[in-house]
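Given next are the chains, with one letter for each unit.
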Amino acid sequence: MNDRLKTIVDLEKYPIHDLNSPIIKRLIEKCKKELDQDSCSTIPNFILPKSLETMNLELEKQLDEVYMSKEKINAYLYAKDDPSLPKEHPKRNFMERYNGYLNSDCFQKNSEMKYLYETEELLKFVSACLGVSPIYRWADPLACHAYNVMKPEGILPWHFDSCEFTLSLMIQKPENGGIFEYCANIREPGNENFEEVKKVLNGDRTKVKQLKLEPGDLQIFKGRFTLHRVTKVEGKKSRYMCIPAYVLDPWRVNTPEHSKAIYGKVLPIHIERNQARSDGLTD
Ligand SMILES: [Fe+2]
């Protein structure tokens, strides 16, 4: 048994260190079913209250290092227009965005969140819930387990993630708003489904679902194939999340454009590893 892990995750309720226990087998089955149907699954009160407090404190101590950006962006996380496309193409729809990250390279060595992300127990549990193996921790040194900060008036418009699988851990809930909305399985490898994307961006709510998250809940999510957004944060309290990510390709990192727009800087690794994606989807 991992001594530090048991102070972070409620292992009595969710013994993720023992994937053969009947409790965890049932949980994996439930998560897999939800992820297959809906691209998304939530595990309530996954993180223990004391650990949640530690995560909150470690983020608050470093709030001045959070990179906030206000640039308008399209659903593929690009800020630059492509006038060669028709005017109504979803890639030309730039939406209001006000969002920030404490980049993963800013985390203290002993960080609670970093420790959790680096445990084999969490990786194997998530892999089993997804029914996908192997999955890897993301090689991107800025994005792999960043804290997400949405201040009052913060907004994250409709988009796809560049990593395949995202965990969302709610650390602090805002007074109002800041609601996660998603449209499951909109695109898949080799099929962008621009028509459906366009409908959602233009306000069609037919496929939109909302997810209610409470502090301590863990959400597992197929963010590369599911269009999602966070509505505007209302009230005086910021919305804090941690979003550790897993990928199918252990080598790939964000493109230099994404890294600059979202995390505020480009490292040599982003330039060295800037190659076309094998799934054929816009990144
Ligand atoms: Fe996302």
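Our structure's up above, just so we're on the same page.
Right, let's walk through the structure included here. (Residues numbered from 1 in each chain as written. Predicted model: local features only at pLDDT ≥ 70, side-chain atom pairs only at ≥ 80, totals over all residues. Heavy atoms only, no water.)

Topic: the overall build of the chain
- Assigned secondary structure in the chain consists of 7 helices and 15 strands.
- For the chain, whose C-alpha radius of gyration is 18 Å, the value lies close to the compact-globule estimate of 19 Å for 283 residues.
- Scored against the burial criterion, the 283 residues of the chain give a buried share of 55%.
- Considering only contacts in the chain between residues 6 or more positions apart, those separated by 24 or more positions represent 84%.
- When the accessible area of the chain is evaluated, it comes to approximately 12,900 Å², of which 50% is carbon and sulfur surface. (Helix = DSSP H or I, 4+ residues; strand = E, 2+ residues; numbered from the N terminus. Rg over C-alpha atoms; globule rule 2.2 N^0.38 Å. Buried < 20%, exposed > 50% of the residue type's maximum accessible area, 1.4 Å probe, protein only. Contact = heavy atoms within 4.5 Å. Areas by Shrake-Rupley, 256 points an atom, 1.4 Å probe, with all protein chains shown as cover.)

With respect to the coordination of the iron ion
- Within the protein, the atoms that donate to the iron ion are His159 (NE2), Asp161 (OD) and His228 (NE2), at distances of 2.0 to 2.2 Å.
- Read in sequence order, the donor residues coordinating the iron ion give the pattern H-x1-D-x66-H. Taken as a pair, His159 in strand S6 (residues 156-159) and His228 in strand S12 (residues 227-230) lie far apart in primary sequence, 69 residues in all.
- Using a relative accessible area of 5% as the deciding quantity, one classes His228 as buried. (Donors = N, O, S within 2.8 Å, 3.2 Å for Na, K, Ca; no water.)

Notes on the pattern of salt bridges
- One pass over the structure, following the stated rule, counts 20 salt bridges.
- Here Asp3 and Lys6 are joined by a salt bridge, their closest N and O atoms 3.3 Å apart.
- Assessed through its relative accessible area of 52%, Asp3 is described here as exposed.
- For Lys6, a relative accessible area of 43% gives the class partly exposed.
- Two residues, Lys199 and Glu196, come together in a salt bridge whose shortest N-O distance is 3.0 Å. Here Glu196 and Lys199 lie together in helix H5 (residues 194-201), a separation of 3 residues that amounts to about one turn. (Salt bridge = Lys/Arg side-chain N within 4 Å of Asp/Glu carboxyl O.)

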